[in-house]
Amino acid sequence: MEKQRTFVMVKPDGVQRGLIGDIINRFEKKGLKIVAMKMVSVNKELAEKHYGLHKGKPFFDPTVKYITSSPVVAMILEGYNAIDLVRTMMGKTNPIDAASGSIRGDFGQFIGRNIVHGSDGTDTAEMEINLWFKPEEISNYIKIDEKWLTE
Ligand code: IDP
Ligand code: MG
């Protein structure tokens, strides 16, 4: 398996509830490398592009409103199977179904306030990384633990 990059965001409820550090800490401990990170006050245009695949669904407008209601922390994480690793660490979309030990399972109560976002596949990861970050905002560097994370 090649290394992957995935787009991850601490949503407004995660920021407001003081969970930025806890969430980033989990990803760091997992061995995922942070290659880009910034706080963003999301405008409607960016929100609608980000959730474009959900346009027409009943939760589209409320989700755009949610994500633009307060700043988010956006990041790109890198690692082996990073996309699926992050999805597993986040837990199912609805915190009711999210396993205990996952971010949504441990910190969330309600599907419309589910704390984190992570890309769900290679195509969406590429789209979201390009949507949220300019190439010069991404740091390509070697981290000292990398050789200990793989055979
Ligand atoms: P995901 O974030 O786990 O990939 P998606 O199905 O892609 O889940 O939905 C995107 C986001 O839209 C969810 O994380 C959540 O914030 C919101 N959302 C999805 N379904 C519902 C719903 O039924 N009610 C309210 N919000 C929803
Ligand atoms: Mg999704």
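Up top is the structure these notes are about.
Keep in mind it's a predicted model, so treat the numbers as computed, not measured. (Residues numbered from 1 in each chain as written. Chains lettered and ligands numbered in written order. Predicted model: local features only at pLDDT ≥ 70, side-chain atom pairs only at ≥ 80, totals over all residues. Heavy atoms only, no water.)

Another point: the pattern of salt bridges. As enumerated under the stated definition, the model contains nine salt bridges in all. In this structure, the salt-bridge partner of K3 is E146, at a minimum N-O distance of 2.7 Å. Placement of K3 in strand 1 (residues 3–10) and of E146 in the segment after helix 7 (122–132) is noted, with a sequence separation of 143 residues between them. Here E45 ties to K49 by a salt bridge, and the two come within 3.2 Å at their closest N and O atoms. (Salt bridge = Lys/Arg side-chain N within 4 Å of Asp/Glu carboxyl O. Helix = DSSP H or I, 4+ residues; strand = E, 2+ residues; numbered from the N terminus.)

Residues A82, I83, V86, M89 and M90 constitute the buried set of helix 5 (residues 82–90). Looking straight down helix 5, one finds that the buried residues subtend no more than 135° of arc, so they occupy a single side. Exposed side of helix 5, more than 90 degrees from the buried face: D84 and T88 are the residues found there. Considering only its buried residues, helix 5 is in contact with strand 1, helix 2 (20–29), strand 3 (72–80), helix 6 (103–107), strand 4 (116–118) and helix 7. Directly after helix 5, the chain includes G91, whose backbone phi takes a positive value near 85°. (Buried < 20%, exposed > 50% of the residue type's maximum accessible area, 1.4 Å probe, protein only. Arc of directions from axis to C-beta. Contact = heavy atoms within 4.5 Å.)

Any two aromatic rings considered together are summarised by their centre-to-centre distance and by the angle between their planes. One pass over the full model with this rule turns up two aromatic pairs. Linked through ring pairs, F7, W132 and F133 together constitute an aromatic cluster. Just above the ring of Y141 sits the side chain of K33; from NZ or CZ to the centre is 5.0 Å. Here K38 stacks its cationic end above the ring of F133, 4.5 Å away from the centre of that ring. (Phe/Tyr/Trp six-rings, centres within 6.5 Å; stacked < 30°, edge-to-face > 60°. Lys NZ or Arg CZ within 6 Å of the ring centre and 35° of its normal.)

Let's shift gears to the pairing of strand 1. Of all the eight residues making up strand 1, six are buried; the element is thus mostly covered by neighbouring parts of the structure. Inspection of the sheet shows strand 1 paired to strand 4 by three bridges, in the antiparallel sense. What sits directly across from M9, in strand 4, is H117. (Pairing = 2+ DSSP bridges.)

Here we have four strands laid out as an open sheet, ordered 2-3-1-4, and antiparallel in their pairing. Bordering the open sheet on either side are strand 2 (33–40) and strand 4, each of which pairs with just one other strand. Each strand of the sheet is rotated relative to its neighbour by a mean of 20°, with strand direction disregarded. Note: strand 1 against strand 3, eight bridges, orientation antiparallel. Pairing of F7 across the sheet is with I76, part of strand 3. Relative to strand 1, helix 5 is tilted by about 35°, and along the sheet it contacts strand 1, strand 3 and strand 4. Packed onto the sheet, helix 7 meets strand 1, strand 2, strand 3 and strand 4 and runs at close to 60° relative to strand 1. (Axes fitted to C-alpha atoms, helices over the stretch in contact; angles between N-to-C directions.)

These results come straight from atomic positions and should not be treated as a statement about function.
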